[in-house]
Amino acid sequence: MTAYTPSPELTEALTAFDRAQEAAEQARIELRAAVAAELKSHEVTNDALAAHLPWSGETVRGIAREYDVPRKRQPTVRSIKPKKRVGGSTSG
């Protein structure tokens, strides 16, 4: 087995790459926080905001949940389970 030591050019390029990856991750975190702030402070829907982002409406919904952004409207889907009847008088 031969001993190998990376060249200074390769070492420098790898260091620059690592810094760029860290900067990209930090920018991603900051963008997600900005998306949540935008949802909280403006009457904009997830899908409308997603049209201006590199993410889908579903990803924006996930960000909203992560940052506890209040829903714009109440859910329209209801349970199909019948409600239980609770006591009461019977006629007859």
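These figures come from a predicted structure and were not determined experimentally. (Residues numbered from 1 in each chain as written. Predicted model: local features only at pLDDT ≥ 70, side-chain atom pairs only at ≥ 80, totals over all residues. Heavy atoms only, no water.)

Draft legend 1. A look at unusual backbone geometry. If you check the backbone angles, Asp68 has positive phi at about 50° while not being a glycine. Position of Asp68 among the secondary structure elements: in the segment after α3 (57–66). (Helix = DSSP H or I, 4+ residues; strand = E, 2+ residues; numbered from the N terminus.)

Draft legend 2. A look at the environment of Val86. Relative to the assigned elements, Val86 resides in the segment after α3. The spacing of Val86 and Ala20 is 66 residues in sequence and 62 Å in space, taken between C-alpha atoms.

Draft legend 3. Region of the structure containing helix α1 (residues 8–41). In this model α1 runs 49 Å from its N-terminal to its C-terminal C-alpha over 34 residues, within 8% of the 50 Å that 1.5 Å per residue would give. Burial in α1 covers these residues: Arg32, Val35, Ala36 and Leu39. (Expected span 1.5 Å × (residues − 1). Buried < 20%, exposed > 50% of the residue type's maximum accessible area, 1.4 Å probe, protein only.)

Draft legend 4. Quick peek at the layout of surface pockets. By volume, the largest pocket is sized at about 470 Å³. Of all elements in the fold, only α2 (46–50) and α3 reach the threshold of two or more residues within the lining of the largest pocket. Broken down by element, the lining of the largest pocket gets its largest block of residues, three residues, from α3. Classifying every residue of the lining of the largest pocket gives five nonpolar, four polar and six charged. (1 Å grid on protein atoms, 1.4 Å probe; cavity = no way out; pocket = protein on both sides within 12 Å on 5 of 7 lines; lining within 4 Å. Points joined across faces, edges and corners; volume = space filled by probe spheres on them. Nonpolar A, V, L, I, M, F, W, Y, C, P; charged D, E, K, R; others polar.)

Draft legend 5. Quick peek at the environment of Ala16. For Ala16, the position within the fold is in helix α1. For Ala16, a relative accessible area of 40% gives the class partly exposed. On a C-alpha basis, the gap between Ala16 and Lys81 in space is 58 Å, while along the polypeptide they are 65 residues apart.

Draft legend 6. Molecular detail of the confidence of the model for the chain. Here the chain averages 90 in pLDDT, while 92% of its residues score no lower than 70. Confidence scores differ between elements of the chain, with α2 showing the lowest mean pLDDT of 95 and α1 the highest of 97. (pLDDT = per-residue confidence, 0-100.)

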